[in-house]
Amino acid sequence: MRTTTELPLAAERGQQLTLSAQIAGQIREAITAGRLVTADRLPATRALASTLGVSRTVISSAYAQLFAEGWIEGRHGSGTYVANGATPGHGRAPRDPVSGGGTAPGGTAPGDGLVPGGGPERAAGVALWRDPAYGGASAPTDGTTDRARQPAGVRDRPHPQGVRDRPLPAGVPDRPHPQGARDRPHLGPLIELRPGIPWAAGIDAAAWRRAWRQAGRHRPAFEPDPRGLPGLRDALTGYLRRSRGVHCTPEQVVVTRGVAGSLRLLAAALLRPGDRVGVEEPGYPAAREVLAAHGARVVPCRTDQDGLVVTELPAGLRLVYTTPAHQYPLGGRLPVPRRQALVAWARATGALIVEDDYDGEFRYDVAPLPSLSGLGPDVVAYLGTTTKILTPALSTGWLVARPDLATRVAETARRLGDRPGEGPQAAVHALITGGDLERHIRRMRHEYARRRAVIARLLGPVAPGRLLGDTAGMHVVLALPGERASRVAAAAAGRGVAVGTLDRYYSGPVTAGGLVLGYGGASLADVTRGCQVLAGIL
């Protein structure tokens, strides 16, 4: 089953071209460049019109022109697709020899720092598209209801003991509970509102069993490929292109043990003791731990409400770790001009950008922005993981980099024996190729959107203007003075609600305070009850 492919599209009024001509031109260019391939499904006209803020007639006119030219075709009761023979290589995207020079995908020179493609995309400097399956633009077509299905035997919410924000590297202690949480007097079930916990109960039980049955048919290799199962790497290239706009070949993909595993391999492959590496401040504590464990000197890099402040990056950095899709933990989305400036900075300094896309699949009321990897594949290592979109139990992630760097990382994995098991890899492969992974993500977008709306409805009035980072991801920040945030967290723990606080994400002086509220680890009813408790405390 083909899923709808997301593309950076823009429609600007006041341009020389009409809106329909702009949209048709961008889709035409995406097909010729191989970013859309034969049998890729395009968004429904109503969904795309809603996303771009134009009338449905504009989209229908653009599609009609592309139909007439033979670029796309309609399938009765199914949708609109890229026509057979419309793309180069008989439907396979052209291989991109991403290296330090040459031409980037779409014919854009790496040095120009612009979104691949011409015309309105360059003028806009921002991608304006989203998954039509979300936001009421169109209903899911996979036969599921809005309510996520819960597998038999799965408890209503995960046990709180030992749960972590993100998977940690070996030897790194678990994240502390909120102040007073371990010794709280409350004896009832804990409502889990700490960040970084996915809704594992939302995994479709039949799809999960089906994936593991298929994985059980996989015969283990005598000598496992350090890059990961070839079938999974090939499937990931299609998934990343459709869902995140990342264009790569299987040779550029290394399957890892999650984000922490990818960071371990990068650090082992690239860093020498004393190398300066930048990490966002506040930022992901495990990233600091992993890099410091390899002898690197971790340098805090300031963030604001939009993410990493590129103009203030310290000198002499060997690499910089960033979370541009949903800054962890403040929740900012790095604007396109900053993304372009960061890529330009990396090319000028010779540094590597490590892009952690830990929950980029989940966004609400906003269009996805182009990945850093898409803007600068020669200077970006892109990291993804199943931890947030499925469950930490799989311990499977991926790293995408230019071919020479991917080879170096794979050799490091072989040398250290640091790679995920073939069973989980085969299960993830089955989930992707069967379409179950993307169906699950669509369901979770709806599920998380409802919980996010509850947080905004219940906490917005008692803390007006203080909810941050609610446009994407699986958590929000409720800005409060530092001491007050700790008192509220302790009081909430005493009433059976576990929340995070901002102070633990700083490596130096704490410059902002607040609660970090995750809505992935609790049911909608529990999120409602937890927010009512917090509202009462506030």
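Rules used throughout
- Residues numbered from 1 in each chain as written.
- Predicted model: local features only at pLDDT ≥ 70, side-chain atom pairs only at ≥ 80, totals over all residues.
- Heavy atoms only, no water.
- Pairing = 2+ DSSP bridges.
- Helix = DSSP H or I, 4+ residues; strand = E, 2+ residues; numbered from the N terminus.
- Contact = heavy atoms within 4.5 Å.
- Axes fitted to C-alpha atoms, helices over the stretch in contact; angles between N-to-C directions.
- Buried < 20%, exposed > 50% of the residue type's maximum accessible area, 1.4 Å probe, protein only.
- Right-handed = clockwise from strand over helix to strand, strands pointing away.
- Salt bridge = Lys/Arg side-chain N within 4 Å of Asp/Glu carboxyl O.
- Phe/Tyr/Trp six-rings, centres within 6.5 Å; stacked < 30°, edge-to-face > 60°.
- Lys NZ or Arg CZ within 6 Å of the ring centre and 35° of its normal.

Colleague: How would you sum up the sheet that holds strand β12 (residues 397–400)? Please name residues and give values.
Modeller: Spatially, eight strands are ordered β5-β12-β11-β10-β9-β6-β7-β8 in an open sheet, and the strand pairing comes out mixed. Two strands lie at the open edges of the sheet, namely β5 (253–256) and β8 (307–308), each paired on one side alone. Set on the sheet, helix α8 (residues 285–293) makes contact with β6 (276–281), β7 (297–304) and β9 (319–322); between it and β6 the angle comes to about 170°.

Colleague: I'd like to hear about the pairing of β9, residue by residue, with values.
Modeller: In the case of a regular strand, side chains alternate between the two sheet surfaces. Where burial is concerned, the two faces of β9 agree: the one with Leu319 and Tyr321 and the one with Val320 and Thr322 are both buried. Sheet topology places β6 next to β9; three bridges connect them, and they run parallel. Looking at β9, one finds that Val279 is bridged to Tyr321. Looking at chain direction, β9 and strand β10 (residues 352–356) are connected through four bridges and run parallel. Residue pairing in the sheet places Tyr321 in a bridge with Val354 of β10. In this view, the connection linking β9 to its parallel neighbour β10 by way of helix α9 (residues 336–349) has right-handed handedness.

Colleague: I'd like a description of the sheet that holds strand β13 (residues 467–468), backed by residues and values.
Modeller: With mixed pairing, five strands are arranged side by side in an open sheet as β4-β15-β16-β14-β13. Each edge of the open sheet carries a strand with a single partner, namely β4 (191–193) and β13. Running over the sheet, helix α16 (residues 524–537) touches β4, β15 (497–501) and β16 (514–518) and is turned about 80° from β4.

Colleague: Give me the environment of Pro224: which residues, what numbers.
Modeller: Along the chain, Pro224 turns up in the loop between α5 (205–216) and α6 (230–244). Looking at Pro224, the relative accessible area reads 24%, which means it is partly exposed. Between the C-alpha atoms of Pro224 and Gly417, which are 193 residues apart in sequence, the distance is 9.8 Å. Dropping the residues within four chain positions of it, Pro224 is found in contact with Arg419 and Glu422.

Colleague: Could you give me a rundown of the pattern of salt bridges, with the residues and numbers involved?
Modeller: Scanning the model with the defined rule gives 22 salt bridges in all. Put simply, Arg257 and Asp418 hold a salt bridge, and the shortest N to O gap is 2.9 Å. Within this pair, whereas Arg257 is found in the loop between β5 and α7 (258–270), its partner Asp418 is found in the loop between α12 (403–416) and α13 (422–433), the two being separated by 161 residues in sequence. By relative accessible area, which is 39% here, Arg257 ends up partly exposed. The residue Glu447 makes a salt bridge to Arg450 at a minimum N-O spacing of 2.8 Å. Here Glu447 and its partner Arg450 are both found in helix α14 (residues 436–459), three residues apart, which amounts to about one turn of the helix. Overall, the relative accessible area of 5% leaves Glu447 in the buried class.

Colleague: Before we move on, can you summarise the packing of aromatic side chains with the specific residues and values?
Modeller: In total, this model carries eight aromatic pairs according to the counting rule given. On the numbers, 6.4 Å between centres and 80° between planes, the contact of Tyr239 with Trp398 is edge-to-face. In this pair, Tyr239 is assigned in helix α6 and Trp398 in strand β12, connecting sequence segments 159 residues apart. Residue class for Tyr239 comes out buried when judged on its relative accessible area of 0%. Trp398 gets classed as buried once you look at its relative accessible area, which sits at 2%. Aromatic side chains Tyr284 and Tyr328 sit 5.8 Å apart centroid to centroid with 85° between the ring planes, which places their arrangement in the edge-to-face category. Pair noted here: Tyr284 is in the loop between β6 and α8 and Tyr328 is in the loop between β9 and α9, with a separation of 44 residues, a long-range link. Across this residue pair, the class does not change: Tyr284 and Tyr328 are buried. Joined through ring pairs, the aromatic side chains of Tyr284, Tyr321, Tyr328, Tyr358 and Tyr505 make up one cluster. We note Arg451 situated over the ring of Trp199; from NZ or CZ to the ring centre the distance is 4.4 Å. The ring of Tyr505 carries Arg504 above its face, with NZ or CZ at 5.1 Å from the centroid.

All quantities given are derived from atomic positions and should not be read as evidence of function.
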